Amino acid sequence: MVGRATRPTALASTPGLAPQPQVQFSDDNARVSAVLPTGESLEILLYGATVISWKDKNGDEKLWLSDAAKLDGSKAVRGGIPLVFPVFGTAPDHAATAKLPQHGFARTSRWEFLGKSTSESAPGQAADLSVKLDFGLSSPSLDSETQAKWPYSFNLIYSVTLSRESLTTSLVVTNDDDKPFDCQVLLHTYLRVKLTNPSTPQKDIANVEITGLSSASYVDKVDGATTKTQSSALTITGETDRVYTPSTPPSDPVTVLEGGKTAFTVVRDNLSNVVVWNPWTDKAAGMADFAPKDGFKNMLCVEPGAVGTWQTLEPGDAFEGAQTIGIGY
Ligand SMILES: O=P(O)(O)OC[C@H]1O[C@@H](O)[C@H](O)[C@@H](O)[C@@H]1O
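Fair warning: this is a prediction, and the values are worked out from it, not measured in the lab. (Residues numbered from 1 in each chain as written. Predicted model: local features only at pLDDT ≥ 70, side-chain atom pairs only at ≥ 80, totals over all residues. Heavy atoms only, no water.)

1. A short note on the overall build of the protein
Now for step 1: The helix and strand inventory of the protein stands at two helices and 21 strands.
Now for step 2: Taken over the C-alpha trace, the protein has a radius of gyration of 20 Å; the compact-globule value for 329 residues is 20 Å, and the two agree within 12%.
Now for step 3: Relative to its 329 residues, the protein shows a buried fraction of 49%.
Now for step 4: Residue pairs at least 24 apart in sequence account for 62% of intrachain contacts in the protein once pairs closer than 6 positions are excluded.
Now for step 5: Total accessible area on the protein is roughly 14100 Å²; 50% of this is exposed by carbon and sulfur atoms.
Now for step 6: Charged side chains of the protein number 28 positive and 37 negative; the gap between the two group centres comes to 6 Å. (Helix = DSSP H or I, 4+ residues; strand = E, 2+ residues; numbered from the N terminus. Rg over C-alpha atoms; globule rule 2.2 N^0.38 Å. Buried < 20%, exposed > 50% of the residue type's maximum accessible area, 1.4 Å probe, protein only. Contact = heavy atoms within 4.5 Å. Areas by Shrake-Rupley, 256 points an atom, 1.4 Å probe, with all protein chains shown as cover. Lys, Arg positive; Asp, Glu negative; His and termini not counted. Charge placed at Lys NZ, Arg CZ, Asp CG, Glu CD.)

2. Some points on the sheet that holds strand β1 (residues 24-27)
Now for step 1: Strand order in the open sheet made by the four strands is β1-β2-β3-β4, with antiparallel pairing throughout. Edge positions in the sheet fall to β1 and β4 (50-55), since each has one partner strand and no second. Neighbour to neighbour, the strand axes of the sheet diverge by 10 degrees on average, direction disregarded.
Now for step 2: Pairing of β1 with strand β2 (residues 31-35) involves four bridges; the strand directions are antiparallel. Paired with D27 across the bridge in β2 is V32. (Pairing = 2+ DSSP bridges. Axes fitted to C-alpha atoms, helices over the stretch in contact; angles between N-to-C directions.)

3. Description of the UniProt feature "active site" (unreviewed entry) in the protein
Now for step 1: What UniProt calls "active site" (unreviewed entry) maps, in this numbering, to H188 and E303. Taken together, the annotated residues stretch across 116 residues yet fold into one region, lying no more than 4.7 Å apart by C-alpha.
Now for step 2: Relative to the helices and strands, H188 resides in the loop between β10 (181-187) and β11 (190-192).
Now for step 3: Assessed through its relative accessible area of 5%, H188 is described here as buried.
Now for step 4: Leaving out residues up to four positions away in the same chain, H188 has contacts with G80, I81, P82, V84, H103, W277, C301 and E303.
Now for step 5: With respect to the helices and strands, E303 occurs in strand β20 (residues 299-313). (UniProt positions renumbered as here; feature names shortened; annotations may be inferred.)

4. Here we look at unusual backbone geometry
Now for step 1: A cis amide bond links F85 with the next residue in sequence, P86, at an omega value of 0 degrees.
Now for step 2: Along the chain, the position of P86 falls in the loop between β5 (83-84) and β6 (112-120).
Now for step 3: With an omega of -5 degrees, the peptide bond running from A291 to P292 counts as cis.
Now for step 4: Among the secondary structure elements, P292 is positioned in the loop between α2 (280-286) and β20.
Now for step 5: Non-glycine residue H103 carries a positive phi angle of around 65 degrees.
Now for step 6: Inspection of the secondary structure assignment puts H103 in the loop between β5 and β6.
Now for step 7: Residue classification places H103 among the buried positions, given a relative accessible area of 7%.

Structure representation (structure tokens):
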């Protein structure tokens, strides 16, 4: 296991040599943050290992976080990137997970910060660093109530890598038990829709288009869980809650366009589903931690996951899934 990292890192200097740029880093035992020498930054709560902020070099926030999100560990965070494990939604008909709350317990458990590592994008490119932050959660650290509801021995390692143009989040689930277990995982990413394209009159979700899902089948959760096929680019014009199973390789990006320009690309690794969610007016109004109430116009959840079926992990087996979100304009 990687040791705990030390507190704020400053520029390193060697007598006679110019200081080498380094990643600024802090850990106050509740949240961990990192800033690259080039200005990009990241903030992660230990509660849920929830990424709550990701900014580009200009300080522009890339993730949507509700103004009313609870950040004190009393409720799953409304925004950022909550982690869904071991069940997506609820599964009343799946005996082993039936007792768990919506989206499982990973997003409401306190994770351990395992450490950080930095790397150069290319040898000798010291100014072009990326940083990887690792977090862990395993069965003994769950509260007794949750342990009773899901009595399996498991280990989760969640790695969040910030580089100049992208954010990668990767989850490894290991079965440490002597019996198999079933699980689902999902990276519940709230992208911020901000439209900085000056030629676009309406600066919100009305001008967003999602490509890369054409011809994918999906379960439409707002239409009685019927299965449909996406015919063209997806636009958001009302409550949207869909579980896509693209037939294209996970490395083919799902692209979020704002006013015709690429705002985000989402590439999956070993995750066969993409959930697209926007609560729209009524659902947003019904969520106490959703603010402002018209915030649905500035957010879009694009959630890579493995949720269409159960991943059955035999003792000692591991499952790994990841997303890389690239920044467009
Ligand atoms: O309110 P929660 O538990 O954070 O869930 C938010 C949404 O998460 C999405 O992933 C689900 O598809 C939706 O059905 C759900 O409403």
